[in-house]
Amino acid sequence: MRRTNIAALLVAIVGVGACTGDIGDPLRPTNVGGEGTGATIVDFTCGDPAPLIDAPLRRLSRRQLRNTVGDVLRQLMPPGEANGVLAAVEGELGAIPRDQRPVDSEQQTGQQAFYRADQNVGSAAVEAHYGLATALGEALSSDASLDAMGLGCLVAEGTSDAACIDSLVQLLGPVTHRRPLGDDERAFLRDEVYLAGDVVSRDDVRDVITVLFAQPNFLFHVETDGELTPYEAANRLSYHLWDSMPDAELWAAAESGEVLTSTGWEAQVERLLASERARDAIEGFLFEWFRFDQLDLPSRGTGADYEAITAGLEIDESLDDAVVAEIVDLFMHVLRSGGSFEDFFLSEVTPTSHPTLAQIYGVAPAAPGEVVPVPPERRSILARTGLLLSRAEIALPTVNSITHPILRGVFIRRQIACDLLPNAPAGAMDGLPTVDRATTGSREATEILTSAGACAACHSAINPTGFALEGFDAIGQVRGVEPLFDGDGNVTMELAIDDEAVLPESALPVSGAAALADALMSSEKAGACFTRHYVRFSLGRTERLEEDGCILERIDDAVDEGRPLREVMSLVLLDNNFRVRGG
Amino acid sequence: MTVRKFGRRWMLMGGGAAIAIPALPSLLPRGHRAAAQGIPAPRRMVVFTTEHGGIWAPSMYPDQSMASETVPHPLHTTHAGPLTSRVEGGDRVISDVLRAPSDVLTESLVGKMNILRGLDVPFHSGHARHLLGNYGRMSNDGDEFEENRETADQVLARTTLYAGTPRRRFMNFGSRGLSIELIDPSAGPAGGVRPAEEVGMQAIWNSVYVDVEPPDGSEPERPDPINAVFDSYQRLQSGAFGAGARLGAQDRQRLNRYMDRLNDIRAALSSSVGVQCSELSDRSGLPRDAYASMYTPDNAIAINDIIMAGFMCDSSRLAVVRVDNPWTDAMESDGGYHEVAHNAASLESGTPERLHGLLVEGKRNWFAQAFMQLISRLDTIPEGEGTMLDNTLVWWGQEAGPVTHHGDNIPIITFGSAGGRFNTGRYFDFRNRDVDPLVPMYASEAERNSNQQRRVGVSLFQWTTTYLDAFDVPRRAWQLPGRSAFTGTIPLQPWYYYQYDQGAMDRSCESPLPGLLRS
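Residues numbered from 1 in each chain as written. Chains lettered and ligands numbered in written order. Predicted model: local features only at pLDDT ≥ 70, side-chain atom pairs only at ≥ 80, totals over all residues. Heavy atoms only, no water.

Turning to the overall build of chain A, a few remarks are in order. When you go through chain A residue by residue, the secondary structure sums to 26 helices and ten strands. Within chain A, the proportion of its 583 residues that are buried is 61%. Nonlocal contacts in chain A, meaning residues at least 24 apart in sequence, comprise 73% of its contacts between residues at least 6 apart. Here chain A displays about 20000 Å² of accessible surface, and carbon together with sulfur accounts for 51% of that area. (Helix = DSSP H or I, 4+ residues; strand = E, 2+ residues; numbered from the N terminus. Buried < 20%, exposed > 50% of the residue type's maximum accessible area, 1.4 Å probe, protein only. Contact = heavy atoms within 4.5 Å. Areas by Shrake-Rupley, 256 points an atom, 1.4 Å probe, with all protein chains shown as cover.)

Next up, the structure:
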């Protein structure tokens, strides 16, 4: 008799399941200032006059720092040599503390800001930054690196002159400051670091490189008050869309001042968005929005029942990556093909080339850069393994044959619909009835465990959302029945799938992921939730409904009108507020 | 996962290549011996915490008859007694879990050990990382990992543990919210808190290991470029780089914080180095990722190496280690550590005794092979009148008591006396033996039938008072307004299985646990 999974289900309930108290009608769509405490917002309002976006000094995120180091090196020397230096400092890059998702007390769990909003600089971070700069100083002052940078004059010990090290500063200064150096800055380096005399030692070279990578302009997005300079504007654009420094073309647009003109700016936005490099930042956005850090990894399954449901599939850790990559690639496909958010959300194609994921979907693997149609029941991203296995809070340590309607429901309510779900009260799992999972299916077990008393209020919305996805098994395969297993992986019972659900967004019951996605899309919740997450990501902080109302409204309207994703994503960048520094 | 068995040589020599020889007095260079005897020994603390708890009392503790002396306590009469052990085969045995080869867990080390029983979190704690005082929203399971105050280890590191600026204030091995630090120490608690930053093991090693080889004197010492880096921040902040570098007030504040940390590094670079440091050799190849599961059996010994290096070089005096590994392969077929720990307390599992046996096996393996390895090594380093262990407080706490998710009867095992401040070789039982046992709803039938020893105890946070007192941390550095205990007030839910007298529990935390500290 198999009973052990009940504990995992109970833990899930404790983590996210129940709620109590007066929560009004939290899942009812509304607009800002609409009726009903905590109701889900689907429309935003632009205040008058529109305030400037508050943008205090931000540091580079971990991802941005890594990308920037790579780009600096690639601008300084040929790719082979740049990769060699990158490998030499890989350990120091890895030591940079991971950014944390800042918790805003006004936001519920599961709707935190993005990693790039983390502005803390603790001792470990400062130490790691300095360690990285020191390592870059060592690596770039080697004979090979100096030669590769065209600074052979610094190689011969004891013969280098001040002009030669000035050339080094000329070369490294702009890329480490991301703008041209002023005379005062050059004077500082000369007088305080390398003390240019007749002879320059290798230690001078190493130290000046170290200082250039440790100084504030490299580690922070230093901007002046008032209107952005052309270089600051170029940096904003580049770090937003590429999570890295400007390339040569954008630098040239900054140098000429063209980036500050409307046409110049728009052209750069278009170019950067179309670039393959945009994928990295978009991946970061989707990874955090869909909480892929909390994915129940499909390869991490245990038990004879897991073996039974995955029989015939070749599963290894590459599947874990593939389920995430599918969503990112799909987004990029829609972006590039001129599709809308709706085309992404309700997608009828998959770009996956992973053979096992394709097998799970019942399609042939797509050729690189291509997409293939999926069966009707797989329509919408909610029917893809990545989202079926992603969790709003904590991933389960292992996967088996049991589906978790509560976890699926909470994920969609919090991350896809931006519904406000109160946290479970303390002791939510105390005194729960015993459920024998050897004879009880997921839907029935969920209903038994959550029907009592205080649980019912929130679970009346959470559970049906998860029930609508019961047609997919624990790794996202379509299933016609729900099998129950004994400890040896033998099927003891098969239960009919009931994926009909009554949702707060729909008067009529829906069945299946596609119908659930339709309901969320037509209620405008999905679009509004995307808008909030994208603005949050763009601003590097939690959105403020009043202050950021104009951008929110503009993007949300564009989403609702079905405008192309590229245009939607450009709106935040084309907004005048993005090009002016407030705060 | 493969659990490695470690032999005696491994126990004494260090796991990696870091420690070339055991630092016995006769092996120390003459100058270092003299220095070791002349300098007041620093005091240190190491905290290990293991996940889940779930070890039933008969497996965790010696029989209560060993603690037969009565010890008064404001809440109720408690008990204590000399801690004794027995030898079975090649092992010295205190309990099923506290068992190790007798040449590792020696009688002498038992004399430097304490067992604390009957320490309760007086409210619902769930999975909260409460052991060091992070009680963030403990009353709400949904937010159990949040933080809301600087934890006791960080208070210690910020106040009395160091005289100057250490090279590494705190060695954090995967604490994941167990340790909470102030975002801006100069602003105090008002500046907010965050989980203590984590970096990879190699980065910790790099910061605590000091190459003490003396310079050959042929070249004048070169100033570290960090001074120029500091100057560049200062110039930017002051506007010395021209009108193009005007910054807003918030920007200056952020740069200020960064400069404070940078200044710490500058100061640390000029701090003195521990006399034992020359016994170490540098090492590389340690894991660099802070975020993979750090505490694998392979890494465990390397973590001990790093702690030893931090102490021997006196680059750091504090370590917090979260042990998130079951330390046995036998749980994998039952769904892993998490599943086993929960199901060992569940009637639903059908086999709680068997699952509990796996937990015991894992904890025993870890105690004998990793925890005791550090204890043994600390005790081989001569320092002052005794050993490095004597000047250190090493303690092991668990996330929960006999039943996972439940914060009563959390076992605390200590070694060392923090420089003579602790009485040792004692078994303390702080439970109220005069009341009925607790019979919580999650206890398995087996646990209910075989373990009627779960009785209400005293506040776990009185242990916090005790060790902070031992390290002379002033109360004003950590007490909250109107509170004696380290924690704030977490209301008890009416459904909770034991209705603690929270006021009395709090007041009792004004004093250290009775019998532990030397007067």
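Of all hydrophobic cores here, the largest spans 99 residues; its most connected members are A:Phe290, A:Phe341, A:Phe344, A:Phe345, A:Leu382 and A:Phe530. In terms of residue count, the dominant contributor to this core is helix H16 (residues 317-336) of chain A (eleven residues). Discounting chain neighbours no more than four positions away, the residues touching A:Phe290 are A:Ile327, A:Phe344, A:Ile381, A:Leu387, A:Ser390, A:Phe411 and A:Ile416. Of all hydrophobic cores here, the second largest spans 76 residues; its members include B:Met113, B:Ala309, B:Ala344 and B:Leu378. (Core = buried A, V, L, I, M, F, W, Y, C linked by side-chain atoms within 4.5 Å.)

Extensive coverage of helix H26 (residues 565-574) of chain A is indicated by the burial of seven of its ten residues. Within the span of H26(A), buried status applies to A:Leu565, A:Val568, A:Met569, A:Ser570, A:Leu571, A:Val572 and A:Leu573.

All right, on to the sheet that holds strand S3 (residues 78-82) of chain B then. Residue and element names in this part refer to chain B. A sheet is described by the order of its strands in space; here nine strands give the open sequence S2-S3-S17-S7-S16-S15-S1-S12-S9, paired in mixed fashion. Among the strands making up the open sheet, the edge pair consists of strand S2 (69-71) and strand S9 (171-173). On average, adjacent strands in this sheet sit at an angle of 15° to one another, irrespective of strand direction. In terms of strand pairing, S2 meets S3 through three bridges, oriented antiparallel. Bridge pairing links Glu69 to Ala80 in S3. Docked against the sheet, helix H11 (residues 352-380) engages strand S1 (44-50), strand S7 (113-117), strand S12 (318-323), strand S15 (392-398) and strand S16 (412-415), running at close to 170° with respect to S15. (Pairing = 2+ DSSP bridges. Axes fitted to C-alpha atoms, helices over the stretch in contact; angles between N-to-C directions.)

The next subject is the sheet that holds strand S5 (residues 91-93) of chain B. Residues and elements named next belong to chain B. Pairing within the open sheet is antiparallel, and its three strands lie in the order S4-S5-S6. Each end of this open sheet is capped by a strand with a single partner; those strands are strand S4 (86-88) and strand S6 (99-101). Geometrically, the sheet is characterised by an average inter-axis angle of 30° between neighbouring strands, direction not taken into account. As judged from the three bridges shared by S4 and S5, these two strands associate in the antiparallel manner.

Let us now look at the pattern of salt bridges. Residue and element names in this part refer to chain B. Under the definition given, this model contains 55 salt bridges over all chains. Residue Arg86 pairs with Glu88 through a salt bridge whose shortest N-O separation is 2.6 Å. Classification of Arg86 by relative accessible area gives partly exposed; the value is 43%. The partner of Asp469 in a salt bridge is Arg475, with the nearest N and O atoms 2.7 Å apart. (Salt bridge = Lys/Arg side-chain N within 4 Å of Asp/Glu carboxyl O.)

Looking now at the environment of A:Asp329. Residues and elements named next belong to chain A. Relative to the helices and strands, Asp329 resides in helix H16. The partly exposed category is assigned to Asp329, whose relative accessible area is 27%. Taking the C-alpha atoms as reference points, Asp329 and Thr261, separated by 68 residues in sequence, lie 32 Å from one another.

Further remarks concern a negative patch on the surface. A cluster of acidic residues, A:Glu314, A:Asp316, A:Glu317 and A:Asp321, forms a negative patch on the protein surface. Here A:Asp316 lies in the loop between helix H15 (304-309) and H16. (Patch = residues over 30% accessible without salt bridge, like charges linked within 9 Å, V, L, I, M, F, W, Y side chains within 5 Å. Lys, Arg positive; Asp, Glu negative; His and termini not counted. Charge placed at Lys NZ, Arg CZ, Asp CG, Glu CD.)

All names here are of chain B. Taking 1.5 Å per residue, 16 residues should reach 22 Å; helix H9 (residues 297-312) reaches 23 Å between its end C-alpha atoms and fits that length. Of all 16 residues in H9, 15 are buried; the element is thus mostly enclosed. Positive backbone phi, approximately 50°, marks Asp314, located one or two places after H9. (Expected span 1.5 Å × (residues − 1).)

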